[in-house]
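Residue-level structure breakdown
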Amino acid sequence: MQTVCKRCGKINKTAANTGYCSACQPLERQDYEVVKNYVSAHPNAQMIEVHRATGVSLKVIDRMINNGGLIVVPSKHDNRDE
């Protein structure tokens with residue numbers, strides 16, 4: 001079964017199990033660890049703050065939240081175009 005990688009959008013067989021192709025899976029894991037560590041140290045951090053402090057895109061952070069991996073307080077001034 002082939003699916004579309006959630007990160008890069010390429011069609012790939014390996015994305016079927018994880019949602020990510022083999023090239024994106026380690027990148028997604030790395031981003032998750034960076035964000036998780038930041039949020040652990042700053043539990044009341046807003047999404048935009050997490051983005052600015054970690055360099056992880058708002059799109060990736062949003063996906064982590066939607067997948068249930070993170071709970072982040074949304075910013076009143078959340079600008080997803082950054």
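Above: the structure in question.
Everything in this summary refers to the structure shown in the same document. (Residues numbered from 1 in each chain as written. Predicted model: local features only at pLDDT ≥ 70, side-chain atom pairs only at ≥ 80, totals over all residues. Heavy atoms only, no water.)

1. Quick notes on the pattern of salt bridges
What counts, and what does not: Any carboxyl oxygen of Asp or Glu within 4 Å of a side-chain nitrogen of Lys or Arg constitutes a salt bridge here. Think of it this way: any DSSP run of H or I at least four residues long counts as a helix, any run of E at least two long counts as a strand, and we number them from the N terminus. Only protein chains enter the calculation, and the probe is 1.4 Å; a residue is then buried if its accessible area is under 20% of its type maximum, exposed if over 50%, and partly exposed in between.
In this structure the tally under the stated criterion is 4 salt bridges. Glutamate 33 is paired through a salt bridge with lysine 36; the nearest N and O atoms lie 3.4 Å apart. Linking glutamate 33 with lysine 36, this pair stays in helix H2 (residues 25-41), spanning 3 residues, or about one helical turn. Take lysine 36: its relative accessible area is 30%, and that puts it in the partly exposed class.

2. Points about the packing of H2 against helix H3 (residues 47-54)
The criterion, for reference: Note on geometry: axes are lines fitted to C-alpha atoms, helical ones only across the stretch in contact, with angles between N-to-C directions running from 0 to 180 degrees. Between 65 and 115 degrees an angle is taken as roughly perpendicular, under 35 as roughly parallel, over 145 as roughly antiparallel, and anywhere else as oblique. Handedness of a crossing is defined here by the sense of rotation of the near helix relative to the far one, left-handed for an anticlockwise turn of less than a right angle and right-handed for a clockwise turn. Between two residues, a contact is recorded if the distance between any of their heavy atoms is within 4.5 Å. Under the scheme applied here, ten amino acids are nonpolar (Ala, Val, Leu, Ile, Met, Phe, Trp, Tyr, Cys and Pro), four are charged (Asp, Glu, Lys and Arg), and all others, including Gly, are polar.
In the contact formed by H2 and H3, the axes pass within 10 Å of each other and the chain directions differ by 120°. In this view, H2 runs oblique relative to H3, as classed from their interaxial angle. For H2 against H3, the interelement crossing comes out right-handed. Touching Val34, Val35, Tyr38 and Val39 of H2 are Glu49, Val50, Ala53 and Thr54, all from H3. By residue class, the composition of the contact of H2 with H3 is 6 nonpolar, 1 polar and 1 charged.

3. Let's talk about the nonpolar core
Selection criterion: We call a set of buried residues a nonpolar core when its members are Ala, Val, Leu, Ile, Met, Phe, Trp, Tyr or Cys and they connect through side-chain atoms within 4.5 Å of each other.
Within the largest apolar cluster, 13 residues are counted, with the highest numbers of intra-cluster contacts made by Val35, Val50, Val56, Ile61 and Met64. If you list the elements that add at least two residues to this core, you get H2, H3 and helix H4 (58-66). The dominant element in this core, judged by the number of residues it contributes, is H4, at 4 residues.

4. Some details on H2
How we decide: Given a helix with a known number of residues, its expected span is that number minus one, times 1.5 Å. Throughout, the arc means that of the directions going from the helix axis to the C-beta atoms.
With 17 residues, H2 extends 24 Å between its outermost C-alpha atoms, agreeing within 8% with the 24 Å of an ideal straight helix rising 1.5 Å per residue. Residues Glu28, Asp31, Val35, Tyr38 and Val39 constitute the buried set of H2. Around the axis of H2, the buried residues are gathered within 100° of arc, so they sit on the same side. Looking at H2, the residues exposed on the side facing more than 90 degrees away from the buried face are Gln30, Ser40 and Ala41.

5. Observations concerning the environment of isoleucine 61
On the secondary structure map, isoleucine 61 appears in helix H4. Setting aside chain neighbours within four positions, we find isoleucine 61 in contact with Val35, Met47, Val50, His51 and Val56.

6. With respect to the side chain of threonine 54
Where we set the bar: Two N or O atoms form a polar contact when they lie within 3.5 Å of each other; inside protein one atom must be a possible hydrogen donor and the other a possible acceptor, and for residues adjacent in sequence the pair counts only when both atoms belong to side chains.
With respect to the helices and strands, threonine 54 occurs in helix H3. Among the polar contacts made by the side chain of threonine 54, one reaches the main-chain amide nitrogen of valine 56 at a distance of 3.2 Å. The residues touching threonine 54, leaving out its near neighbours within four places in the chain, are Val34, Val35 and Tyr38.

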